[in-house]
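Residue-level listing of the chains:
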Amino acid sequence: MLKMFRHVKDKWYMALLIVGLLFLQAYCDLSLPDYTSKIVNIGIQQKGVEDGVPEEILVSSMEKLFLLMDGEEIAKIEENYTVAGDTYTLKKTDKETREHLNDIFCGAIMKAAASAGMGQMKDPEQMPESMVTQGAVMFVQQQYELLGEDVGKIQMNYILSVGFKMLLLAFLAMAAAISVTFLSCRLAASLGRNLRNSVYRKVISFSGAELNRFSTASLITRSTNDIQQVQMLTTMLFRIVLYAPILGIGGVLKVLQTDVSMTWILGLGVVLILLLIGFLFTVAMPKFKILQTLVDRLNLVTREILSGIMVTRAFSTEAHEEERFEKANHDLMKTNLFVNRCMTFMMPAMMLIMNGITVLIVYNGAHAVDAGTMQVGNMMAFMQYAMQIIMSFLMITMLSIMLPRAGVAAGRINEVLETKVSVSEPQQPEIPDETVRGLVEFDHVSFGYPDAEERVLDDICFTARQGETVAFIGSTGSGKSTLVNLIPRFYDVTHGTIRIDGVDIRKIPIKELRDKLGYVPQKGVLFSGTIDSNLRYGCEDVPEDVVKKAAEIAQAWDFISEKPDGLKSPIAQGGTNVSGGQKQRLSIARAIAKKPEVYIFDDSFSALDYKTDVVLRKALKKETKDATTLIVAQRISTILHADQIIVLDEGKVAGKGTHKQLMKDCEVYRQIATSQLSEEELADE
């Protein structure tokens, strides 16, 4: 999963900003319980008086307290107070000095209370801190009343002041949370975009060997669903995964400052949560790995059914295909239900743990308050900190629903990105001499598919020169299409060498190589857009008259001109709104418009009627007189007048020559010819 983030390394500043905002949000969230404690302890219980250090005190009262202090303590008091009339007024002091003064006043006030006949009292150092503080605060309140100050107003001012700070912190935390969400969504969206681009560019670079390794349905799932899983996790990663430890560790530090005696309750809660998470991961994790495979399977079945729906209807096998889909869908549903049931069990269990922890804190805190060792506000703050700590674990646990699936998805994406492409750019590229054009040489070429036991092609040798037409014919599976697919480097040869214009094609930059070729596949492929955009697919800048001429040569202009929008007529995805013959003619026109050095027709005339085939080949012969033409054909009539015919039989050259030579010398060719044409037709030819 961490490998994914190298795709957004240019957004490092955004990640740093998110982390900074998370610390700010955590600081605000962790400060609020402390302020709640102050409102209860000081604002309500102590009526706004923070400690036993009076801001103002009568001289007579101070002199009585001096009797209960030693010389050093009296000197400290006089150092930090000024006398004006009958009143001592506190100077501005730092926190450490105020704490020292508080200890002095608390000790003296409690001694004064004991000497005033308030019963047998313990030494202040042995009394609970809360009782000492409450006693000192009551004395300070009495002094304020003697000075004529409104204690109620002091209380209200304190509560309003702390409340305003709490509101400010809450708004600051909200602003930080909104900013983190916004930035993390942008970062995740950038990651998703970059991953899709990387996967797309990688898949585009795949040769046939790599495409055979990954099914089309799997590649689509990896490019969409898997990347979406990673993107969603990235969004949650910054908002939850990074925030939870910050909040949890900060909460623990705050708890240790508040009250150490109840930390065992937090430890118990954390252990129970970890046990629950471990159990859920052990049970659910294997299912998450299966889940993505089942999504692939469902996509594969759906794609097969939709692409072959006409055949399905023709053979009345709708029920069978429905069963296939239902099985794939049912398997995915069962796995999803199992995973979701595991995760739905998680939330009630978590809430049970949280509520149990709350009850334990209240029970122990109540006893501590009763014993005077803890104040009510401290217990409330401890409870809030405990909930924050447990919530941090809960957030991570909730993320565990997404984490395993996203981890599997990230692994599948990396599998595509880290796949070594078998057809790569040359390390020391060579550009063919411009004086040589259209020369194609096969020098003892052999080819076998990866992991296949036998070779598809074995020791193929021939030369095709500029202006020549070389045809390939043979039985089904003899390797005709495989042979011409080696020229654009859809696959690389296993043995031997293919040269274009005198240079090994493996040394020519792939773009330079393919720019020399005009390729028409066995199955015509059109893209969504217009007729014009399809004909300009390999040469966007050609003039319209060149496009029109290419369509005329390919015998496509007749049906194009009949359309209301002509060349601007729309083409549906996959060319489903044109017939097979029209699709094939448009594919041929697309290759002609490019004006390549070498034309490759991979059985590209099979969907044409005999008349159109003859007219097209005559027009094509004139157009390709300065180029090399390689034709794969099933029909003898298509290749009768080729300059060279190569007969393939089980991947080997069974014959080579013109039609007349092969009729005399090649038995395989003679059998193909006599199976398609009568003796009279062959004699005429």
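Residues numbered from 1 in each chain as written. Predicted model: local features only at pLDDT ≥ 70, side-chain atom pairs only at ≥ 80, totals over all residues. Heavy atoms only, no water.

Draft legend 1. Summary view of the sheet that holds strand 5 (residues 457–464). Strand order in the open sheet formed by 4 strands is 5-4-7-8, and the pairing between neighbours is antiparallel. Each having just a single partner strand, strand 5 and strand 8 (503–504) make up the two edges of the open sheet. By the bridge criterion, 5 bridges tie strand 4 (residues 440–447) to strand 5 in an arrangement that is antiparallel. Along strand 5, the bridge assignment pairs V440 with A464. (Pairing = 2+ DSSP bridges. Helix = DSSP H or I, 4+ residues; strand = E, 2+ residues; numbered from the N terminus.)

Draft legend 2. Seen up close, a nonpolar patch on the surface. Together, W264, L268, V271, L272 and L275 line one region of the surface with nonpolar side chains, adding up to about 470 Å² of accessible area. Relative to the elements of secondary structure, L268 occurs in helix 10 (residues 263–307). Taking the relative accessible area as the measure of exposure, L268 reaches 37% and is therefore partly exposed. (Patch = residues over 30% accessible without salt bridge, like charges linked within 9 Å, V, L, I, M, F, W, Y side chains within 5 Å. Areas by Shrake-Rupley, 256 points an atom, 1.4 Å probe, with all protein chains shown as cover. Salt bridge = Lys/Arg side-chain N within 4 Å of Asp/Glu carboxyl O. Buried < 20%, exposed > 50% of the residue type's maximum accessible area, 1.4 Å probe, protein only.)

Draft legend 3. Up close: the side chain of T335. Inspection of the secondary structure assignment puts T335 in helix 12 (residues 318–371). Look past the residues within four positions of T335 in its chain and what remains in contact with it is K287, L291 and L294. (Contact = heavy atoms within 4.5 Å.)

Draft legend 4. How the structure looks around the sheet that holds strand 1 (residues 56–58). Taken together, the 3 strands give an open sheet; going across it, the order is 1-3-2, and neighbouring strands pair in antiparallel fashion. Each edge of the open sheet is held by one strand with a lone partner, namely strand 1 and strand 2 (81–84). Averaged over all neighbouring strand pairs, the angle between strand axes comes to 25°, with direction disregarded. Pairing of strand 1 with strand 3 (residues 87–90), which is carried by 3 bridges, proceeds in the antiparallel orientation. The residue bridging E56 from the neighbouring strand is T89, located in strand 3. On top of the sheet, helix 2 (residues 59–66) reaches strand 1, strand 2 and strand 3; it is set at about 85° to strand 1, its chief contact. Where helix 3 (residues 71–80) meets the sheet, its contacts fall on strand 2 and strand 3, and the angle it forms with strand 2 comes to roughly 70°. (Axes fitted to C-alpha atoms, helices over the stretch in contact; angles between N-to-C directions.)

Draft legend 5. Up close: helix 24 (residues 667–676). Residues of helix 24 that are buried: Y669, I672 and A673. On an axial view of helix 24, the arc spanned by its buried residues comes to 95°, and they lie on one face. (Arc of directions from axis to C-beta.)

Draft legend 6. Structural context of the confidence of the model for the chain. Within the chain, residue pLDDT values average 84, and 94% of them lie at 70 or more. Taken as a whole, residues 118–122 scores under 50 in pLDDT and shows 7 contacts with residues more than four places along the chain or in a different chain. (pLDDT = per-residue confidence, 0-100.)

Draft legend 7. Seen up close, the pattern of salt bridges. Taken as a whole and assessed by the stated rule, the structure comprises 24 salt bridges. Taking the shortest distance from any N to any O, the salt bridge between D331 and K327 comes out at 3.2 Å. One end of the pair is D331 and the other is K327, both in helix 12 and 4 residues apart, which spans about a single turn. The class of D331 is partly exposed, set by a relative accessible area of 23%. With a relative accessible area of 55%, K327 lands in the exposed category. A network of salt bridges, in which partner residues are shared, links R437, D501, K516 and E597.

Draft legend 8. How the structure looks around the packing of helix 1 (residues 12–45) against helix 6 (residues 151–205). Look at helix 1 against helix 6: their axes get within 8 Å of each other, and the N-to-C directions meet at 160°. Compared by their axis directions, helix 1 and helix 6 come out roughly antiparallel. In this structure, the crossing between helix 1 and helix 6 has a hand that is left-handed. Here the residues of the contact of helix 1 with helix 6 sort into 25 nonpolar, 8 polar and 4 charged. (Parallel < 35°, antiparallel > 145°, perpendicular 65-115°, else oblique. Left-handed = near helix turned anticlockwise from the far one by under 90°. Nonpolar A, V, L, I, M, F, W, Y, C, P; charged D, E, K, R; others polar.)

Draft legend 9. Structural detail: the packing of aromatic side chains. For the coordinates displayed, the defined rule picks out 13 aromatic pairs. Measuring from ring centre to ring centre gives 6.1 Å for W12 and Y13, while their planes differ by 85°; the resulting arrangement is edge-to-face. By relative accessible area, which is 44% here, Y13 ends up partly exposed. Between Y81 and Y88 the ring centres are 6.3 Å apart and the planes differ by 75°, which places this aromatic pair in the edge-to-face class. In this structure Y88 comes out as buried when scored by relative accessible area, which is 9%. Grouped by ring-pair contacts, the aromatic residues F66, Y81, Y88 and F105 constitute a single cluster. For the cation-ring pair, K38 lies above Y35, with the distance from its terminal atom to the ring centre recorded as 5.2 Å. (Phe/Tyr/Trp six-rings, centres within 6.5 Å; stacked < 30°, edge-to-face > 60°. Lys NZ or Arg CZ within 6 Å of the ring centre and 35° of its normal.)

Draft legend 10. A look at the nonpolar core. Grouped together as the largest cluster of nonpolar side chains are 75 residues, with contacts concentrated most on L195, V230, I361 and I413. Elements with a minimum of two residues in this core: helix 1, helix 6, helix 8 (216–241), helix 9 (243–258), helix 10, helix 12, helix 13 (376–399) and helix 14 (403–417). It is helix 10 that provides the largest number of residues to this core, a total of 14 residues. Aside from chain neighbours lying at most four places away, what touches I361 is M262, I265, M379, F382, M383 and A386. The next biggest cluster of nonpolar side chains, apart from the first, holds 47 residues, and it includes I553, A554, I636 and I672. (Core = buried A, V, L, I, M, F, W, Y, C linked by side-chain atoms within 4.5 Å.)

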